[in-house]
Amino acid sequence: MASCERIGRDSMDKSITLPPDEIFRNLENAKRFAIDIGGSLTKLAYYSTVQHKVAKVRSFDHSVKETEDDPLYEISVQEEITARLHFIKFENTYIETCLDFIKDHLVNTDTKVIKATGGGAHKFKDLIEKKLKLKVDKEDEMTCLIKGCNFVLRNIPHEAFVYVRHADSEFRFQNTHPDIFPYLLVNIGSGVSIVKVESEDKFERIGGSSIGGGTFWGLGALLTKTKRFDELLQLASRGQHTSVDMLVKDIYGGSYASLGLTGDLIASSFGKSATADKEFSKEDMAKSLLHMISNDIGQLACLYARLHNLSRVYFGGFFIRGHPVTMHTITYSINFFTKGEVQALFLRHEGYLGAIGAFLKGAEEDNPNQYSWGENYAGSSGLMSVSPDLNPMQRARSGTFDMLEMDRLERKLVNLPLLQDPSSYIPDTVDLTEDALAREYWLFCFEDALDGVVKRAVASQPDLPQAVERAEKFRQKYRHKLQTLRQQPFAYGSLTVRSLLDTREHCLNEFNFPDPYSKIKQRENDLALKYFQKVVKSLEKLSWEQRQFALIKGLLAGNVFDWGAKAVSDVLESDPEFGFEEAKRQLQERPWLVDCFDQWIERLKGPPHTCALFFVDNSGIDIILGVFPFVRELLCRGTEVVLASNSGPALNDVTNNELQILTERIAAMDTVIQTGIRDDRLILVQSGSSSPCLDLSRLDKVLATVVRERHTDLVIIEGMGRAIHTNYYATLSCESLKLAVIKNSWLAERLGARSSAWSSSTSSRPEPGRAPVSPRPPLPLPRGRWGERGRIRVCVEKHPFNLGVVCGVFFELVNRTLEEWGGG
């Protein structure tokens, strides 16, 4: 792409603003292409294989272990190949230059055909075949559109959103629905097609209209002499339609109450233009035209939705393009005609639907729908819907190039069968797109943590070449993502602590830092194992009730050690037994944050649970000295236990591979654990997650099967990321425990906790450069009792079918965890 740096300069400074190798990534491994060419935009899709590094652990043969100080397992960094989908959107102005670049970088590809769809596929057919030496195979546009829509709705959480103009958060994202069918798709291109989608391959065009985006463009050009679609939208965003439209009050002097018509309702589009003896501005005419067409489409969509009894209506197509004024007018129309019973839903990636569908048509032999896919935040540009009246230059640039990357996941992800209502489940506790104060605080924390993350990444690879250079590239990329999210918090859906953590993990992986904490976890596991038997013996000396309380305290104390705070790491390196006992001593007396521990004790006096599913958290002291003694107690009660751990690394969370080795080693020391494994009453399963947080709607299908087959009736969720940042309000159809240590003073304040007298660093006065504590009331907690001021608190929530524990432990030893690392 020799001339790719500056192409097609004009008054809007249109340029390809990203280096070409960042736009068209992994072309040398590209296997399959698809293209969707519209009137002004080209959407290119291709499949590639990506080679990246992964950290693997392998147990040593301990039968020939030379010394007691030998490590428990060895760590190796290996190359792994995974599949990735790339989707790039750019203006047709650049199509020839971009095709040249693609041709120059295709190496050893077996691809002979490129799937094509869209109105421009015929126009550019010869150019594509000449440049890429590939045969163009045209696919039906509507079929591709539906396939693409089904794909993004299934695989991208927060794909769909409601647009609420002038609200604190204009974009309100919908969580992934377990069953996406049926729905109505209103595709607004030159005209309007209304499609009822009933299943993956069953859909029907049930209606449409010739009055669509082409009408707006054509009439707008006649009225304003403006030939460009985006410029016409910009005119509309600055106009006042009331100068041109006749309102109800213009006819009746006010509202028409008996018919339920308000005075400011449009009675006649362009009604004033016939009688008013004046010139109308281009802006006002464009705005009136936009309202007229949007209202017409909205009413038509409502009629078809009611006729076919459909409540989900998605809008897409060239006319939408993420434009705020367009989405607002359609939303207003839908709300008016249905009285709020139907919501207008828009899609973050609606511009890619045709290209995605065309790609899927060409990839059916690989059956891509048998896998789950995840959006790669490191390689995706995100939603950039900037109001043109606020920043037209930025909007023009955002339309130049746009990217979406999706990684194929190793496992099929499904809902946890024990969710009480999967359709209403929301993993995240706080939506930072709606909470400006919390958003600024957490963005500051994550940016402030960057130096520490970079240092840890470099230290994890002391012998690998260019580690410092790669770490610096990671810093730049992640900082850029944070800056983007400050301006556009809605870029990747709802902004949450979980998405900030996941974005960081994606960026680390991109620059080949698959597990920066691998050696720390190895050392920590080795040390903690030496004290397991001593902890078990001390528990066995206690009475039954004392032991139950000690087990809960042990879980909480163990969860302190997540390597987020330097104070914790210092204690771990010096003496793990001291650290564990010290953490238990630091837990203040009850009552905790919402404390129903007495109810838990009473429940334990009843019949044992059939099977407990335990989502574990950190390596080392947490899993070995906190979790395993608790698991041991459950096994002794006659309860089967399923330990669910991360499939891939995140911070110092224990992974399934590591947990397998740890369990074998503990079983060699403890007959209860050994018998549990032998009798298949203790099993280890991957969660399907590689995040410090937990989305119960995207779990390994094997785990879901085990949960059903074992008749699981107790779920335990441990850790701040899994039980507080996510799943704080999750309601299950069985009993549940949620246990976590709050390691952040600001969050503790938000949850209603207050600092103790001896912890001066936790006052409500903000630290220098840090966001102040929110003046708003604390987050509503699940049912429970508030503790007195200054107490460390744990809450046990109780629903009719749900007994849970959320532990908020907050003391000086760990109060800087998230400030230092931005972790959960």
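What you see is a predicted model; the values in this text were computed from it and never measured.

What counts as what
Residues numbered from 1 in each chain as written. Predicted model: local features only at pLDDT ≥ 70, side-chain atom pairs only at ≥ 80, totals over all residues. Heavy atoms only, no water. Pairing = 2+ DSSP bridges. Helix = DSSP H or I, 4+ residues; strand = E, 2+ residues; numbered from the N terminus. Axes fitted to C-alpha atoms, helices over the stretch in contact; angles between N-to-C directions. Contact = heavy atoms within 4.5 Å. Phe/Tyr/Trp six-rings, centres within 6.5 Å; stacked < 30°, edge-to-face > 60°. Buried < 20%, exposed > 50% of the residue type's maximum accessible area, 1.4 Å probe, protein only. Lys NZ or Arg CZ within 6 Å of the ring centre and 35° of its normal.

**What to know about the sheet that holds strand E2 (residues 41–59)**
Reasoning step 1: As summarised here, the arrangement of the 7 strands in space is E5-E4-E1-E2-E3-E16-E15, forming an open sheet in which the pairing is mixed. Looking at the sheet topology across the chains shown, the edges are occupied by strand E5 (135–138) and strand E15 (373–375). Going across the sheet, the axis of each strand differs from the next one's by a mean of 30 degrees, ignoring polarity.
Reasoning step 2: Sheet topology places E15 next to strand E16 (residues 401–408); 3 bridges connect them, and they run antiparallel. Note that in E16 the partner of Glu375 across the bridge is Met406.
Reasoning step 3: The sheet strands contacting helix H23 (residues 656–669) are E2 and strand E3 (73–91), and the helix crosses E2 at an angle near 15 degrees.

**Describing the packing of aromatic side chains**
Reasoning step 1: Taken as a whole and judged by the stated rule, the model has 27 aromatic pairs.
Reasoning step 2: For the pair Tyr183 and Tyr314, a centre-to-centre distance of 5.3 Å together with 85 degrees between the ring planes defines the contact as edge-to-face. Pair noted here: Tyr183 is in strand E8 (residues 183–188) and Tyr314 is in strand E13 (residues 312–316), with a separation of 131 residues, a long-range link.
Reasoning step 3: Taking relative accessible area as the criterion, Tyr183 reaches 0% and is therefore assigned buried.
Reasoning step 4: Among the aromatic residues, those joined into a ring-pair cluster are Phe161, Tyr163, Phe171, Phe173, Phe315, Phe346 and Phe490.
Reasoning step 5: Sitting over the face of the ring of Tyr47, Arg32 holds its NZ or CZ atom 5.8 Å from the ring centroid.
Reasoning step 6: Lys89 extends its terminal NZ or CZ atom over the ring of Tyr352, reaching a point 5.3 Å from the ring centre.

**What to know about the pairing of E8**
Reasoning step 1: The buried count for E8 comes to 6 of 6 residues, which makes it a mostly enclosed element.
Reasoning step 2: Across 6 bridges, the pairing between E8 and strand E9 (residues 192–197) is antiparallel. By the bridge assignment for E9, Asn187 is matched with Ser193.
Reasoning step 3: Hairpin connection between E8 and E9: a loop of 3 residues separates the two successive antiparallel strands.
Reasoning step 4: Here E8 runs beside E13; their pairing, made up of 4 bridges, is parallel. Residue pairing across strands places Leu184 opposite Val313, the latter belonging to E13.

Keep in mind that these numbers describe shape and distance, not what the molecule does.
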